[in-house]
Every structure is written in structure tokens, then in C-alpha cells.
Amino acid sequence: MKATVSGAPAPHALRDYALLADGERGALVGPRGEIVWMCAPAWDSDAVFAALIGGDGWYSVTPVTPFVWGGYYEPGGLIWRSRWVTTTGITECREALAYPGDPHHAVLLRRLMAVDGHARVEVVLRLVSGFGRHPLQDMKRDQHGIWTGRSGDLYVRWSGVPDAQPAEGTLRAALALDPGTHHDLDLEISDRPLPEREPTDMLWRATETRWAAAIPGLDQTLAPRDARHACAVLAGMSAAGGGTVAAATTSLPERAEQGRHYDYRYVWIRDQAIIGQAAAAAGAHTLLDNSVRFVTARLLDHGPALTPAYTATGKPLPDQRSLDLPGYPGGFDVVGNQVNHQFQLDGFGEALLLLAAAARHDRLDTDGWRAAVTAVDAIAARRHEPDAGIWELHADRWTHSRLTCAAGLRALATAAPRADRGRAAGWEALADQIVAETASDCLHPTGRWQRSPTQAGVDAALLLPACAAPCPPTTRAPWPRCVPCIRSWRWTTTPTASVTTDARSRTRKARSCSAGSSSQRPSTSRATTSRRHAGSNATAPHAGPQDCSPRSSTSPRASCAAICRRPSSTRCCSRQPPASPARPPDEAAHPCVMSAVRVPTTWPAPSHPGFRLA
């Protein structure tokens, strides 16, 4: 294993990094103004700054006098302001990737500002592509003081530092600003010959304008500001093809030294579908359209052979390999993902739930309906096959996967146009058949669902299909399999715990569009936008939204699903906390999952049931 590069910035807790993103790539900025992670030109490309995982490459703008640090995002986008209170004044650095990003050409904007007093900073650029294999070469400075060079196959241009001193692949400069002035630093990286340079002010104005246009108001949510910020994070991580990557980084530990360190710079079909469903409920239609576009394309391209994840451009994932780097403390140095060899049946069900949500909003075109029929046919053909399931484990006939497919079929049948009612009846019949088959081998003796025919344990994910499709017409008629499942799940949690099981991590993306959190920094770990494990607050505290919000009443989406064939227009959830943590839910009470989950008593009852578990 290679040693950490001499002079590289020391690592910080993951919560101390801010995310810059333009849709095609992302960068992480630390509290000392050091950019220690960025892949270019695309999310899944090799890193040009890899100091975060013990590799080579970073780009820092740091005050030379003692300071305390802070920072914040400007509202409605991913423009970050690093802020340092020094012994001589206040210095800020406005930072962004030019938005929206070009798939081949990254532009990293940094505007240094002397807010109060004089500003003196040291600037260091050490760009090394290929995870440290290709240092800067052929660096030249033109008559305008602009540096150009190459790093492997990449073209590099850096402006704003005419007096920088090159040494061993590194450029260093010292800058001094008078009070009230600013200074621009523009770094461009491309896998093609660089185009003519655009004026810096024009790039900033374009970035501000496009961010303002991209983020909806979301005023109907409980926390509009936080919801808009969550929407900005998702928009910044959504490429031109519509795919939203699960994380900007790789190999960061979800729990230190626990072996859960994966490359999540890819798009999971399940996650993409959840994002779209949440966006539909919250009224973030651009995110909904992006999700539908990406999932539709993958279904039409691959049909029953749909894989769980793809690159942001829709290509297959590379196999997993090691980089021979030290890794982030507590983590490792893995790129690629072994999920490319798995089959996950529930992905088809989640895709149907997404397409049904789009249909309810009249945003599903002919290709979308073709993709829906393709997913239905795939479920019919492959529903008996063992799959890896939501937790990506060994192949088994996971209950959650099959119930999710049934929920998707019911939702699609409900959303089908009147002219397709005959075909919709067939989808309902297939859902009935799947539920009956699942009940034949996945019902526990107590009457609840169990994880699989071979695993009798409780899984909180089994509560999720019950929030995904039409609910009963009468709120007093319990679903006999839902209530025992809720009771068994509650007895496996602590009496005072909120919903903090794997179900929570699985629905993190869904919450991100609808509620938001008070935190201003998005998480830089895998937990940033979803997936499986809750992670460790010590190393990867997610800064995504913490509350679940009622959705717009224009999107009736949820509850008591896989078994219950009921109109989606019926209100199903009274979001009240249980009467006592020591008593099981009343079987005569409404069976919706949310009525049996401990939630803060300050949350108001939703105006309709379109939400997932918090």
C-alpha cells in the first residue's frame, strides 16, 4: 500500500466537508479551503484530487494567519461560501462548479473576498489524474498569466495566479487582498481540447441564474428552505441523462473498520425510483422527469436483464478493485461495485411505483408506458427467481422484493388510463398471484411477514410496501398481515426509539425532497442520498433531511399496499404516535404503518397519505 503523500491536507470528519456539484461531477471542500476530492470529467472517472482517501492531488486556498472556520450555502443551489475569521479580519471564498456542467468540461470557480480587513492566503494546486498516476506536465504560462498543461489524457487551464511557482507537479502562489476587494481563480479540466475561455463574471451569472431556475419553491412543505436545499443536492448530483448518483465519493466508511466501504458513484434503479416518487409528491417535477427518463431508458434498453445500478450515462458498472491507497481513516480504497453481478427483483417494483407516480401527474409519455409494460413482463417472467434483495445479500426469495412488485403492479393499475382498464385488471391479477405465492412460504406462524422462506426474522423493509399502493376504503378494517408485522417490528426496537432501522436509510432519498434538515452541509458519505446503511454519526453523520413532510394532495400515493387492492384516493394515515410504547397497536385501529410508528408528537397530521416511513 502506498503511503499518504507528503504535504497532503490532513483528513477531517466527513461532516466538515461541503459538496460542490454541477450534475456531471462533484468536489469536496474542507474547512481549510482544501478541495481533496474530485473526479473528472465524470462522476465515475478517476479522481484528479484524491487526498481524501490518502491519494495524491488537492487544491487549497487557505489563510496564512490563524483562523477559525465556518461556511454556508447560498440559498437555492450548491454555491458554497468558506468563511474564515482571522486575527486580522474576515476572509471568504465563494466556491462553485459552473452549473449546469458540461459532460466533458469542468469549470471550478473560486472567488476570494476580503470581507473585513486585509486577506492573505496561500494557494496550492496539485492536480494528479488517474488516482495519483499522472501529475501535471507541460505547464506553460501565456502572456495573460494563464497556465495550461496536461495530466494524463486531461487538458488543464488555470487562471488568476500569474505569479504561481511550479515545483514537482505543484503550483504555489501567495495572494494579498485589500479590504473590500475580491480575486478570481478559475480551474478548467477537460477530456477534450479546451474551448475559448469565458469571462469569469459571465460564468458566475450563468451559474446563479441556472440554479435559481432549477430549484422549485416547495412552499407547501413543512420546511421550504431545507426542502429546497435537499432538492439542490439531488439536482447537483443528477447528470444530463437524468440519473442521480448515490454519492460523489468512494470507499468512505459507513462504520469505521466494519468492511462497509463501497463505491457509490453510480445510479441505483431503486434509489432513482424513490427520488422520483418523492419528487412527484413534493412537486419537484424536474427531478421526477429526470428519474422517469433514466429508468425508462434502462428498462427499454435491458428489459428483464435490468441490473441494479448503472453509471450516470447508463453504462454497466466496472468490477470492484483496489487502488493501493491508504484510504480515508477507517475506510479502504475500493472502486467499482460488485452489484453489477446481482439480480434485484424489487427494482422492477420500484420502477412501476415511479412510473405510476408520473402517470398520476400526467407526465408519463408513450415511452414511459412502454417501459412500464416491459417491467410488468419482467416481473411475470422472473418473479420466481431468487434475488439479492434490497440489502444486496445472498440470493433468496426475499419477501420484500415480491411485495414491492405487487405494490408496483397495483399502483400502475390504479394510474392506468380508462382505455387500459382491461390490461390494468391483468396487472391486478398478477399482483394477487404474487401475494398469494409469497404468503404460501413467507408467512411467519404468528401471522406476520418474515424476511424469506428460509429466514424467519423481522425486517423493517417489510413495512415499506404497505406505504406504496392504494389503501383500504374503510379505515377501520385492518390488514391482518400488516398489524402482526408492525407489532413484531416494534418489539425488536427500543421503547423510546424512533424509526432508525434500515428502513430509514432506504428511504433517505424520499425524505430529502419533502422535508429537509436544519443542517447546511450535505453529507459527503454514502448516506448523502440514500441507500442501505444508516452509518456512524462519528464518521458519516448524514446532513440530509431529518423530518418527513406531508406531500401535496395532488399526489395520492401511499399506504397499505401489497395486499390491499383499494382506491388511492382514500385517506389512510392518521400520523399519530402510538398510545404507549409498551402496548401493541390496537388491531381494531387503522392498519397503516405510520399509525404504529413512534413519531414526534409535534408533527401535524398529513393532508393525505403520500409519504414513506421517516
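Here is what the cut-offs are and how they apply
- Residues numbered from 1 in each chain as written.
- Predicted model: local features only at pLDDT ≥ 70, side-chain atom pairs only at ≥ 80, totals over all residues.
- Heavy atoms only, no water.
- Helix = DSSP H or I, 4+ residues; strand = E, 2+ residues; numbered from the N terminus.
- Expected span 1.5 Å × (residues − 1).
- Buried < 20%, exposed > 50% of the residue type's maximum accessible area, 1.4 Å probe, protein only.
- Salt bridge = Lys/Arg side-chain N within 4 Å of Asp/Glu carboxyl O.
- pLDDT = per-residue confidence, 0-100.
- Contact = heavy atoms within 4.5 Å.
- Phe/Tyr/Trp six-rings, centres within 6.5 Å; stacked < 30°, edge-to-face > 60°.
- Lys NZ or Arg CZ within 6 Å of the ring centre and 35° of its normal.
- Polar contact = N/O pair within 3.5 Å; in protein donor to acceptor, adjacent residues only side chain to side chain.
- Pairing = 2+ DSSP bridges.
- Axes fitted to C-alpha atoms, helices over the stretch in contact; angles between N-to-C directions.

Asks: Please clarify how helix 4 (residues 269-282) should be interpreted in this entry.
Replies: Helical geometry note: an α-helix holds 3.6 residues per turn, so side chains three or four residues apart project in the same direction. With 14 residues, helix 4 extends 20 Å from end C-alpha to end C-alpha; this agrees with the ideal 20 Å at 1.5 Å per step. Among the 14 residues in helix 4, 14 count as buried, and that is most of the element. At the C-terminal side of helix 4, G283 shows a positive phi close to 90 degrees.

Asks: Any chance you could explain the pattern of salt bridges here in plain terms?
Replies: Here the idea is simple: oppositely charged side chains can pair when their charged atoms come close. One pass over the full model with this rule turns up 29 salt bridges. In this structure, R81 and E74 form a salt bridge, with 2.8 Å as the shortest nitrogen-oxygen distance. The closest approach of N and O atoms between D184 and R111, which form a salt bridge, is 2.6 Å. Taken as a pair, D184 in strand 17 (residues 182-190) and R111 in strand 9 (residues 105-116) lie far apart in primary sequence, 73 residues in all. For the pair shown, D184 and R111 are each scored as buried. Counted as one network, the salt bridges with shared partners bring together E74, R81, R83, E92, R94 and E208.

Asks: I keep staring at the confidence of the model for the protein chain and nothing clicks. Help me out?
Replies: Reading fine detail from the predicted coordinates is not recommended where pLDDT is low. Mean pLDDT for the protein chain: 81, with 76% of residues reaching 70 or above. Confidence drops under pLDDT 50 across residues 472-478; counting only partners more than four residues distant or on other chains, this segment forms 18 contacts. Scored below 50 in pLDDT, residues 494-614 shows 378 contacts in the model against residues more than four places distant or in partner chains.

Asks: What should I look at first to understand the packing of aromatic side chains in this one?
Replies: A ring pair, where both rings are aromatic, is described by two values, the distance of the centres and the angle of the planes. A full pass over the atoms with the stated rule returns nine aromatic pairs. Ring geometry for Y59 versus W158: centroids 5.8 Å apart, planes at 85 degrees, classification edge-to-face. One end of the pair, Y59, is in strand 5 (residues 58-63); the other, W158, is in strand 14 (residues 154-159), and 99 residues separate them in sequence. Classification of Y59 as buried rests on a relative accessible area of 0%. A network of ring pairs unites the aromatic residues F49, Y59 and W158 as a single cluster. The side chain of R150 reaches across the aromatic face of Y155, ending 3.9 Å from its centre. The ring of F343 has R382 lying over it, and the distance from NZ or CZ to the ring centre is 3.7 Å.

Asks: So what exactly am I meant to see when it comes to the environment of R110 here?
Replies: Within the element layout of this structure, R110 appears in strand 9. The spatial distance from the C-alpha of R110 to the C-alpha of D186 is 6.3 Å, given a sequence separation of 76 residues. Here the side chain of R110 touches Y59 through a polar contact of 3.0 Å, landing on its backbone oxygen.

Asks: Honestly, unusual backbone geometry in this entry has me stumped. Any pointers?
Replies: Excluding glycine, most residues fall at negative phi; most peptide bonds, likewise, are trans. Note the cis peptide between A40 and P41, where omega equals 10 degrees. That bond from Y99 to P100 is cis: its omega, -5 degrees, falls within 30 degrees of zero. By the secondary structure assignment, P100 is in the loop between strand 8 (90-97) and strand 9. At F131, a residue that is not glycine, the phi angle is positive and equals roughly 55 degrees. Mapped onto the fold, F131 is located in helix 1 (residues 129-132). Residue F131 is classed as buried on the basis of its relative accessible area of 4%. For E392, which is not glycine, the phi torsion reads 55 degrees and is therefore positive. On the secondary structure map, E392 appears in the loop between helix 7 (366-382) and helix 8 (399-415).

Asks: Teacher, can you tell me more about the sheet that holds strand 6 (residues 67-73) here?
Replies: Strands pair in a sheet through their backbones, by hydrogen bonds, and they do so in one of two ways: parallel or antiparallel. The antiparallel open sheet is built from eight strands, whose spatial order is 6-7-8-9-17-14-13-12. Each having just a single partner strand, strand 6 and strand 12 (137-141) make up the two edges of the open sheet. Each adjacent strand pair in this sheet contributes to an overall mean axis angle of 15 degrees, direction not counted. Pairing between strand 6 and strand 7 (residues 80-86): seven bridges, direction antiparallel. Looking at the pairing, F67 lines up with T86 of strand 7. Each of strand 8, strand 9 and strand 17 touches helix 2 (residues 200-214); the most contacted strand, strand 9, lies at about 100 degrees to it.

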